[in-house]
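Listed below are the residues making up each chain.
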Amino acid sequence: MYELKFDPELCLHCTTQACLTRCQYMEIDGETAQKEILKIARGEDSFVLHECATCYACEEYCTFGNHPYYLIAEKQELLGISPVPRPLIQRAVNLGIPFRGQPEIKEINGPVLNIAAFSELTYLIQGKLFDGVTPISTDERKMFHYFCQLMYLHYGRDSVIKERLPRIIETIAKHKPTEVVCFHDECYGAYTSYCKAHGIDVPFRPVHFYEYLYNRLVELKEMIRPVNLKVAYQRPCSSRLSPDKHLFVGRIFDLIGAESVKREFVDENALCCAGAIEGQKREGSRKGAAMQQQKNVEDMKRAGAEVCVFNCPACFQTLGGTVARNGIKPVHMSDLCRLAIGEIPAGWR
Amino acid sequence: MDSIYQSLAAIVDAEHVSDRPEELYIYSFDLGTAEPHRPDYVVSPETTVQVQEIVRLANRENIPVVPLGGGMSLAGLAVPLRGGILLDLKRMDRIIEVNEKARYAVLECGVSQGQLTSYLERHHPHLTHSEPGAPPAATIVGNVVIHGQGDLAHPYGFNSDMVNGLEVVLPTGEVCSFGSCAVGASWFTNHPMPDVGLFLGWCGTTGIITKLSIRLLPAKRIRGIGRFVVDDEGLVPEIFYKLTHTQMAEDIIAFSSAIPPFASKLQHFTVNIAADSEKELELKQQIIWDDTLGEYIKRGDGAYLGFTRSLERPQISKTSDYKKGGGFEYVGSIMPIEKYPECYRRGREISERHDIPYTVTGRCIGAAHSMMFAWTYAFNRADPKTIEGARNALHETDRLVLELGGVIWKPGTFGQKLVLERLDPNTRDLMKKIKGLLDPKGIMNPGNWEIP
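All of these numbers come straight from a predicted model, not from anything done at the bench. (Residues numbered from 1 in each chain as written. Chains lettered and ligands numbered in written order. Predicted model: local features only at pLDDT ≥ 70, side-chain atom pairs only at ≥ 80, totals over all residues.)

Asks: Teacher, can you tell me more about the overall build of chain B here?
Replies: Assigned secondary structure in chain B consists of 13 helices and 19 strands. For chain B, whose C-alpha radius of gyration is 22 Å, the value lies close to the compact-globule estimate of 22 Å for 452 residues. Taking the principal axes of the C-alpha coordinates as reference, chain B spans close to 75 × 55 × 45 Å. Taking all 452 residues of chain B together, 49% fall into the buried category. In chain B, 69% of the contacts between residues at least 6 apart in sequence involve partners at least 24 apart. (Helix = DSSP H or I, 4+ residues; strand = E, 2+ residues; numbered from the N terminus. Rg over C-alpha atoms; globule rule 2.2 N^0.38 Å. Buried ≥ 20, exposed ≤ 12 C-beta atoms within 10 Å, placed from the backbone. Contact = placed C-beta atoms within 7 Å.)

As structure tokens, then:
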């Protein structure tokens, strides 16, 4: 079985304990933080395991790359401390089971774009930006063969990821890709962060969607007309697993003439969409999630955003309606980029 | 060309009558497992007078008449078991009146659910109707004739409870009106006229409803669906009970199905909530999810799955995609809510015995006074063996409904026989007398609800 590479020594010598002291959902001082993270590492119960909002942010806050969130998710399962009710876990675990036959494997021998479990969103990968890259997982009936499984971190079911992810990687590798552009940054995080932290072999080169979009926009620079929109970016929890790629958000906005509005909840301080929070067991989760969403959107409004840009389809589904009701247009990043090169974005409604 | 064909053509014009084999074939079956039977003629009238003339002709010539609405019952109720004239009523599709203040609509019998929904959305956005889970082509009259229920069944009951008045062509050709319209008043109420109750639930065996007044209900500005899930079917009745106590929901449905896998062995609830403001919506959400179901969430026995704005009609028809060949039929029943766990468990057993992925659904009617519980079975239309398998499963389920103390909803001929075998003999005799009185020649939809 794959084991998490977590080194408690690093926590002992850490001076900031940023993983927990910077947590947006718990008030924890440095001394308590160190004590609790070491307790968790030893496999002991900790209030952190019960209170965790599963926002992934501590993965980014840890300056040693010691994977505190993977540790929390693993120990939640080990100690039977589930952040969500039992039926929700069963539902989620069942959700990722492929049930419509085997995938049709075609050897691509070139770059592929893995749209993973979002086959119904293929309209977001159309147009010139995607010339030369072959999409895989476009068949809704087969999409769960390409589903990175990382969402089970939200459910305290790390074992499901360890069990299924290697098979998913195997399926993708059968297409013989030279590189795999990951439509969702959760997939990118799975292949570059989770797999590395657990010693799972990834026999292809994952490419972050934004890095891909940025490079394509540079190639198509002649076609770009500034969009002249004030934009807010809804950073998804999974981008905390690849913080080194977050800079492409700003680079893309600069390139296409989108003005990133000055917000309180931005970059490392971003608020998650709260989709994972509303179903949690803790009392007040539903209401708390709704309040957080409102706080997030108010911040966008205050900053003068006209458009809210999403990467994660789950964030879009959770927050898109609230954003729209507040007079801000929700849009996927690829659609904004298509707009910049004079195409009509498919999801621009 | 035969004389009956010519007589029909004289009534409705030649464009709207046919005896061509390819058209008779289309009308010989419905989408379920019922054996096909061809009509001799298909005719599509446009007016009540034409319906009258057709029925008089049928009476004279002793030919069966089978009225057809959207043809969506799935139970073979409009399959012409003894041939005769298939009366396709879709051309009678006028929405005659919508009374905004008294909240009712007067419709012709061919008006479809989708037609009324879009008409109200466009012209009367403050009004809605209780729309069933059937495809939009199902007709309003077809639904009340079978005692259907819709997405307002929790607050308002069966759709047939919302009838304000009827115009009916009797099997002998006379036209009768029922409700306030019968005394020359408008179509605003069915009460307090003496109860004659001769047409609803009779599946077109006692007459042809040509006009209907149906109650419309308030449409709130925001309508959406909240979802909840439990893994213990034993919790479903008490959750139904608690949810109905809040009086905050428009529709409450529980379901479970083997496919897609996320729904397997779990009981999902969809709870439709409507509000005119964000404040009202949040209040209702708080009462339903936090105050009423919060205890299940805290214990870890139940989970809130979020709220989506806009309504999605329950689509049992999706079951048709579970097996190659796209066929499905279901047994519906009206059951006490407390029977949900047994209905679910026994239904799964039947499905598994017949190698069909199980699908069960329970919709709350009234304040948990009963539920419509349905067991759906998929089959391959091109494979007689799977059709036979589904038919056997349906028949087993018909027996199960009665064994569990429920009543089969819109039974096909097999289920009708089971019901009639158990029916109070005096009631059966009365039904026979009524049928004989209204339809002395037995021409109306023969083969259905026949009492020997």
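Asks: How should I be thinking about the overall build of chain A in this particular structure?
Replies: Across its full length, chain A holds 14 helices and eight strands. What you see for chain A is a C-alpha radius of gyration of 20 Å, in line with the 20 Å of a compact globule of 349 residues. A principal-axis box enclosing the C-alpha atoms of chain A has dimensions of 55 × 50 × 40 Å. Sorting the 349 residues of chain A into buried and exposed places 50% on the buried side. A fraction of 73% describes how many contacts in chain A between residues 6 or more apart in sequence connect residues 24 or more apart.

Asks: Just checking my understanding: could you explain the sheet that holds strand 15 (residues 302-309) of chain B for this structure?
Replies: For sheets, the rule is that strands pair by backbone hydrogen bonds, running either parallel or antiparallel. Residues and elements named next belong to chain B. In space, the eight strands of this open sheet follow the order 15-12-14-13-17-18-16-19, with antiparallel pairing throughout. Edge strands, defined here as strands with exactly one partner in the open sheet, are strand 15 and strand 19 (407-409). Across this sheet, the average inter-strand angle for adjacent strands is 25°, counted without regard to direction. For strand 13 (residues 251-257) and strand 17 (residues 359-365), the ladder comprises five bridges, and the chain directions are antiparallel. Paired with Phe255 across the two strands is Thr361, which belongs to strand 17. Packed on one face of the sheet, helix 10 (residues 340-353) meets strand 13, strand 16 (326-335), strand 17 and strand 18 (370-380) and runs near 10° to strand 18. Its contacts with the sheet place helix 11 (residues 384-403) against strand 16, strand 18 and strand 19, and it is angled at close to 165° to strand 18. (Pairing = 2+ DSSP bridges. Axes fitted to C-alpha atoms, helices over the stretch in contact; angles between N-to-C directions.)

Asks: In this structure, what is going on with the sheet that holds strand 7 (residues 307-310) of chain A? I would like to understand it.
Replies: Residues and elements named next belong to chain A. Taking strand neighbours across the sheet as the criterion, the four strands line up as 6-5-7-8 in an open arrangement whose pairing is parallel. The outermost strands of the open sheet, each flanked by one partner alone, are strand 6 (258-260) and strand 8 (329-332). Averaged over all adjacent pairs, the angle separating strand axes in this sheet is 40°, with direction ignored. With four bridges joining them, strand 5 (residues 229-234) and strand 7 adopt parallel strand pairing. Looking at strand 7, one finds that Gln234 is bridged to Phe310.

Asks: Would you explain the environment of Phe414 of chain B in this entry?
Replies: All names here are of chain B. Summarising the element assignment, Phe414 is placed in helix 12 (residues 413-422). Residue Phe414 is classed as partly exposed on the basis of its C-beta count, with 17 C-beta atoms lying within 10 Å. Between the C-alpha atom of Phe414 and that of Asn448, which follows or precedes it by 34 residues, the distance is 9.8 Å. Setting aside its immediate chain neighbours within four residues, Phe414 contacts His395 and Asp398.

Asks: Any chance you could explain the pairing of strand 5 of chain A here in plain terms?
Replies: As a general feature of sheets, a regular strand has side chains that alternate between the two faces. Most of strand 5 of chain A is tucked away, with five of its six residues classed as buried. With helix 11 (residues 247-256) of chain A bridging strand 5 of chain A and its parallel neighbour strand 6 of chain A, the resulting β-α-β unit is right-handed. (Right-handed = clockwise from strand over helix to strand, strands pointing away.)

Asks: What exactly am I supposed to notice about the interface of chain A and chain B here?
Replies: By a frequent convention, interface size equals the accessible area lost on bringing the separate parts together. Opposite the 19 residues of chain A that make contact, chain B presents 21 residues. Within the residue set of the side of chain A that touches chain B, elements represented by two or more residues are helix 7 (86-95) and helix 12 (285-302) of chain A. The biggest single contributor to the side of chain A that touches chain B is helix 7 of chain A, with seven residues.

Asks: Please explain the domain arrangement of chain B as it appears in this structure.
Replies: Residues and elements named next belong to chain B. The domains assigned to chain B are domain 1 (3-88), domain 2 (95-218) and domain 3 (221-409). Here the C-alpha centre of domain 3 lies 26 Å away from the C-alpha centre of domain 2. Taken residue by residue, the interface counts twelve residues in domain 2 and 17 residues in domain 3. Looking at the side of domain 2 that touches domain 3, its residues break down into five nonpolar, five polar and two charged. (Domains from an automatic or database assignment. Nonpolar A, V, L, I, M, F, W, Y, C, P; charged D, E, K, R; others polar.)

Asks: Is there a simple way to think about the environment of Asp88 of chain B in this case?
Replies: Residue and element names in this part refer to chain B. For Asp88, the location among the structural elements is in strand 4 (residues 85-88). A residue is classified by how many C-beta atoms lie within 10 Å of it, and Asp88, with 23 of them, is buried. Along the sequence, Asp88 and Glu352 sit 264 residues apart, while their C-alpha atoms lie 38 Å from each other. Here Asp88 is in contact with Val42, Ser44 and Leu68, once residues within four sequence places are set aside.

Asks: Just to check I follow, could you spell out the pairing of strand 9 (residues 175-179) of chain B for this structure?
Replies: Residue and element names in this part refer to chain B. Alignment of strand 8 (residues 163-169) against strand 9, held across five bridges, turns out to be antiparallel. Each residue of the ladder has a partner; that of Val168, found in strand 9, is Cys176. The loop that links strand 8 with its antiparallel partner strand 9 comprises five residues; one of these, Gly173, has a positive phi angle of about 105°.

Asks: Looking at this structure, I do not really get the domain arrangement of chain A. What am I missing?
Replies: Residue and element names in this part refer to chain A. Domain annotation of chain A identifies domain 1 (8-78), domain 2 (111-211) and domain 3 (221-340). At the junction of the two partners, domain 1 supplies seven residues and domain 3 supplies nine residues. For the side of domain 1 that touches domain 3, a count of residues per class yields four nonpolar, one polar and two charged.

Asks: Looking at this structure, how should I read helix 9 (residues 185-198) of chain A?
Replies: Working note: α-helix, 3.6 residues per turn, so residues spaced by three or four point in the same direction. Residue and element names in this part refer to chain A. For helix 9, which comprises 14 residues, the first-to-last C-alpha distance of 18 Å matches the rise-based estimate of 20 Å (1.5 Å per residue) to within 8%. Where burial is concerned, most of helix 9 is hidden: 13 out of the 14 residues are buried. Just downstream of helix 9, Gly199 is the residue with a positive phi angle, here 70°. (Expected span 1.5 Å × (residues − 1).)

Asks: Which parts of the structure should I look at to understand helix 13 (residues 425-438) of chain B?
Replies: With 14 residues, helix 13 of chain B ought to run about 20 Å at 1.5 Å a step, and its terminal C-alpha atoms sit 20 Å apart, in line with that. Counting buried positions along helix 13 of chain B yields one of 14 residues, so the element is predominantly exposed.

Asks: What am I meant to see in the confidence of the model for chain B here?
Replies: Detailed reading of the predicted coordinates is not advisable wherever pLDDT is low. Taken as a whole, chain B shows an average pLDDT of 95; of its residues, 98% reach a score of 70 or greater. Complex prediction metrics read pTM 0.95 and ipTM 0.94. (pLDDT = per-residue confidence, 0-100.)

Asks: Even after reading the chapter, I still don't get the environment of Glu295 of chain B, so can you show me in this structure?
Replies: One can find Glu295 of chain B in helix 9 (residues 294-299). C-alpha separation for the pair Glu295 of chain B and Lys385 of chain B, spaced 90 residues apart in sequence, amounts to 48 Å.

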